[in-house]
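# Structural features, examined
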Amino acid sequence: MNEKLLTIRDLTVKYTVEKVVSYAVNGISLSLNKGEILALVGETGAGKTTTALSLMGLLPRYTAKLNGEIIFKGKNIMGIGEDEYRKIRGREISMIFQDPMTSLNPVFRVGEQISDVLRIHNKDMNPREIQEACDKLLDQVGIPPSRKDEYPHQFSGGMKQRIMIAIAIACKPDLLIADEPTTALDVTIQAQVVKLMRTLQKELGSSVIMITHDLGLVANFCDNVAVMYAGEIVEYGSLEEIFDKSRAHHPYTNGLFGSLPNIMEKADRLTPIFGLTPHPSELPEGCKFHPRCPECTEVCKKGDVPVWVNGGHRIQCHLVFGRMGDE
Amino acid sequence: MSNGKNVLLEVQNLKKYFDTPRGPLHAVDDISFKLFEGETLGVVGESGCGKSTLGRTILRLIPSTAGKIIFNGTDITHIRRKDLRELRKQMQIIFQDPFASLDPKMSVFQIINEPFKIHKLYKDKQERFNRVTELMEIVGLDPHYIINTYPHELDGGRRQRIGVARALALNPKFIVCDEPVSALDVSIQAQILNLMMDLKDELDLTYIFITHNLSVAKHISDDILVMYMGKMVEKASSDRLFENPLHPYTKALLSAIPIPDASYKGKEAEVLQGEVTSPVMPSENCRFSPRCPLAREECFSASPEFVEVEDKHYVACHLIKKCNN
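Notes on the structure in this doc start here.

Thresholds, definitions, all that
- Residues numbered from 1 in each chain as written.
- Chains lettered and ligands numbered in written order.
- Predicted model: local features only at pLDDT ≥ 70, side-chain atom pairs only at ≥ 80, totals over all residues.
- Heavy atoms only, no water.
- Helix = DSSP H or I, 4+ residues; strand = E, 2+ residues; numbered from the N terminus.
- Buried < 20%, exposed > 50% of the residue type's maximum accessible area, 1.4 Å probe, protein only.
- Contact = heavy atoms within 4.5 Å.
- Salt bridge = Lys/Arg side-chain N within 4 Å of Asp/Glu carboxyl O.
- Polar contact = N/O pair within 3.5 Å; in protein donor to acceptor, adjacent residues only side chain to side chain.
- Nonpolar A, V, L, I, M, F, W, Y, C, P; charged D, E, K, R; others polar.
- Core = buried A, V, L, I, M, F, W, Y, C linked by side-chain atoms within 4.5 Å.
- Phe/Tyr/Trp six-rings, centres within 6.5 Å; stacked < 30°, edge-to-face > 60°.
- Pairing = 2+ DSSP bridges.
- Axes fitted to C-alpha atoms, helices over the stretch in contact; angles between N-to-C directions.

### Comments concerning the side chain of Gln-190 of chain A
- Along the polypeptide, Gln-190 of chain A turns up in helix α7 (residues 187-204).
- For Gln-190 of chain A, a relative accessible area of 12% corresponds to the buried category.
- Excluding residues within four positions of it along the chain, Gln-190 of chain A makes contact with Thr-182, Leu-185 and Asp-214 of chain A together with Pro-258 of chain B.

Right, here's the structure in full:
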C-alpha cells in the first residue's frame, strides 16, 4: 500500500509574459502513495492549477519555465518530449477539469469524445470493443449508454461532469487529478458526483489529487491535505492533523477555517483574513503570508521561513517553529 | 424579531411565467411572504429554482405575470415608469458576478456616481465627489488609490465592494442581494459577508439574500425560504430550519452540505437521486415528487398546499400535513 507513485521535488514554475515574471509555484515538494487521495487546498492564484498542469505536461512551453523534479512511477517526467508525454497523459495521469460546460467539445457526440481516448491509447482494440468499452464507462458513471449519440448541450451540468469523469477514467489511470470537480455544480448534484468519484476510486485503486477550496469536500473525501499559499505549501498533514483545532496550524490555515460559515455552530461574525492574495509577480519578501498575517513579527518579513516538522505534519512558519521548537 | 416592526415588503401570490416555444415556463409560481423592516430573508435553492427571477420580479426589473408586490404600503405591481424611478431610490440590487456587473469603460468614480447623475442629486461637483469617497470608505475601499481605476484593474473582492457602494449610493431601505459572494474566494467571501452585516446594522437595511449556499444563508438570514422549481417548499426562521427541517427536499439539501470536520470522512450522506425536471408546463403534482424518496400516490396527483405546521414554520408537503392532523 505504501508504494510511492509520485514524488515532486522542489518544483518551481515561472511565467514570463511581456517581460513580467510571475512566480506561480515556488519550490513545492510532495509525495503521493498508490491509492492515496491528496487535497490541494488554497484560494485563487495559490498555484494549485499550475501544479496540476505541470504534472500533466500541459503548461505552455514558451511562457512557462519549470524547474525541479517530477518522479512518476520511478521516472523523472519533467522535460520529457511531447511524444513520450502523450503516452502518459490520458492513460497514466488524467485530469477532470473544473468547468464541464466548457471542457467538452460542443460539436462532437459524447460517445465519440470518450471513444477517442480509448482509441488513442489502445491501438489493439477494434471498433466494436471500443464501443463496448465506451458503453461500459457510461454505465459506470450512471449515464444510460443509449444517450452516447447526443451532444454535450443536451446534458445537464451534473451529467456533463459525469461524462468528463468517464473520459478521465477511460484508461484506468494511476493518477487522477481533479481540478475543482464540483465547484460549478449544485449541492445535491455535488453530492452525487462526490459519491460517484469515491466509488470509482475504490474500484480502480487510483491515486487522486483533489484541487479544491471547499474544506467540507476535503473532510469528506481526502486522506492528506496540502494547504497552498502564493505558490508554496504552507502546511501539510493528514486530514486528522489539519482539521484538529487543538493542534498548531499555519495562520493561513486558521484563516481559511475562520472564513467559513459553519452550519454546525452559530458565530455572529466570521473572522476573515485581512487583505488580499498577493499577485504572483509582486510576491512579498520573507514569509509570503506576512502582510496579511495577524501574528506577523519582525522575523517574518525577511529571509527564509523554517519548517516545523512533527512526523508527517509540516508547517512553514516562523512562529510555529519558534513556539514548538525543532522537534 | 417582528415585534412592533413594520412590514416593508409584502409579496402575494406572485407569479412569473416566461413564454417559450414549448409553453409557459413557470419560473416563479405562487410565492407569498412578508418581510419586516430590518430583517433578512434568505432565499435558497438550486440553479433554475427561480430565486433570481423572484428577486428581479420584486424589484420590477422584469414584469410579473400575476400577483401583488406591496412595498412600504403601496402596491407597486403596476406603477408607472416615472414613479418606479423614484421608487428605485429605495430599492436596490447587488449582482452575483462582480466581473460582469460593472461597466468596463467606466472608472470607479463614474460607476458610483452614476446613480446621482440619473436621479439628479448633489448638483455641486465637490459635494458629489465627497459623497462618492464617503461611500467608498463605508465599504472599505481606499478612495485615494482606487477612485480613478477601472474595474479590470481590481480583484473580485474590491469589485464586489464597488457593487455594494453603488447599491448604497441612494440610501435605499431595501436591497436584493443576488448571490453576492458566490463568485469570490472564501477569505474574501467572509470579508464581504461581514461588511454586509455591518452595513445592515448601521444603515437599517432590509435584505433579500439569494444564495445556493446554505451555510451562508444560515449565517446572514433571520428567515429562510427554500424554493424548488418556482414553488415555495419550506419557510422558517433560520435556526428553526436547521434544527428541524421538515420537507424532504430541505433535508436532502442540508445533508448534502459537506461539513469541514475530519470525523465526517467517508460518511455517505443521503444522496438525492435524479435532477431538476423541466419547469415548462409542469403537471399538477408536487414538483419534487419525481426525486422524493418518500413520494407516494397523492404526491404525483395533487400539488401540496403551503401550510403553517408549527409557529411560523411553513411547509408544502403532503406527508407533513398528514402527521400533524
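From this point on, the discussion continues.
### Looking at the interface of chain B and chain A
- Contacts between the two partners involve 42 residues from chain B and, on the opposite side, 45 residues from chain A.
- Where chain B meets chain A, there are one salt bridge.
- As a salt-bridge pair, Arg-269 of chain A and Asp-198 of chain B come within 2.6 Å of each other at their nearest N and O atoms.
- Taken together, the links from chain B to chain A amount to 13 residue pairs in polar contact (both at pLDDT 80 or more).
- Elements supplying a minimum of two residues to the side of chain B that touches chain A: α7 (186-203), α8 (214-220), α9 (238-243) and α10 (248-256) of chain B.
- A total of nine residues in the side of chain B that touches chain A trace back to one element, the largest contributor, which is α7 of chain B.
- When grouped by side-chain class, the residues that make up the side of chain B that touches chain A number 18 nonpolar, 11 polar and 13 charged.

### Remarks on unusual backbone geometry
Residues and elements named next belong to chain B.
- Its identity is not glycine, yet Asp-204 carries a phi of approximately 55 degrees, on the positive side.
- Here Met-229, not a glycine, exhibits a phi torsion of approximately 50 degrees, which is positive.
- By the secondary structure assignment, Met-229 is in the loop between β9 (223-228) and β10 (231-237).
- Residue class for Met-229 comes out buried when judged on its relative accessible area of 4%.

### Describing the nonpolar core
- Among the nonpolar cores identified, the biggest contains 62 residues, and Ile-165, Val-225 and Phe-243 of chain A are the most heavily contacted of them.
- Ranked by residues supplied to this core, first place goes to helix α6 (residues 157-169) of chain A with eight residues.
- Setting aside chain neighbours within four positions, we find Val-225 of chain A in contact with Leu-38, Ala-39, Val-41, Val-218, Glu-235, Tyr-236, Gly-237, Leu-239, Ile-242 and Phe-243 of chain A.
- Within the second largest apolar cluster, 40 residues are counted, among which are Val-108, Leu-135, Val-139 and Cys-177 of chain B.

### Focus on the packing of aromatic side chains
Residues and elements named next belong to chain B.
- Taken as a whole and assessed by the stated rule, the structure comprises 11 aromatic pairs over all chains.
- Ring plane angle 45 degrees and centroid distance 5.9 Å describe the contact between Phe-71 and Phe-174, whose orientation is recorded as tilted. Taken as a pair, Phe-71 in strand β4 (residues 66-71) and Phe-174 in strand β7 (residues 174-178) lie far apart in primary sequence, 103 residues in all.
- The buried category is assigned to Phe-71, whose relative accessible area is 1%.
- Phe-174 sits in the buried class, given a relative accessible area of 0%.
- Seen from their ring centres, Phe-306 and Tyr-314 are 5.7 Å apart, and the 10 degrees between their planes marks the pair as stacked.

### As for the sheet that holds strand β1 (residues 4-17) of chain A
All names here are of chain A.
- The strand order β2-β1-β4-β5 describes an open sheet built from four strands, whose pairing is antiparallel. Strands with a single pairing partner mark the edges of an open sheet, and in this sheet they are β2 (20-33) and β5 (75-76).
- Where strand β4 (residues 64-72) meets β5, two bridges bridge the pair, whose relative direction is antiparallel. Each residue of the ladder has a partner; that of Phe-72, found in β5, is Lys-75.
- Where helix α1 (residues 48-56) meets the sheet, it contacts β1, β2 and β4, and its direction lies at approximately 110 degrees from that of β1.

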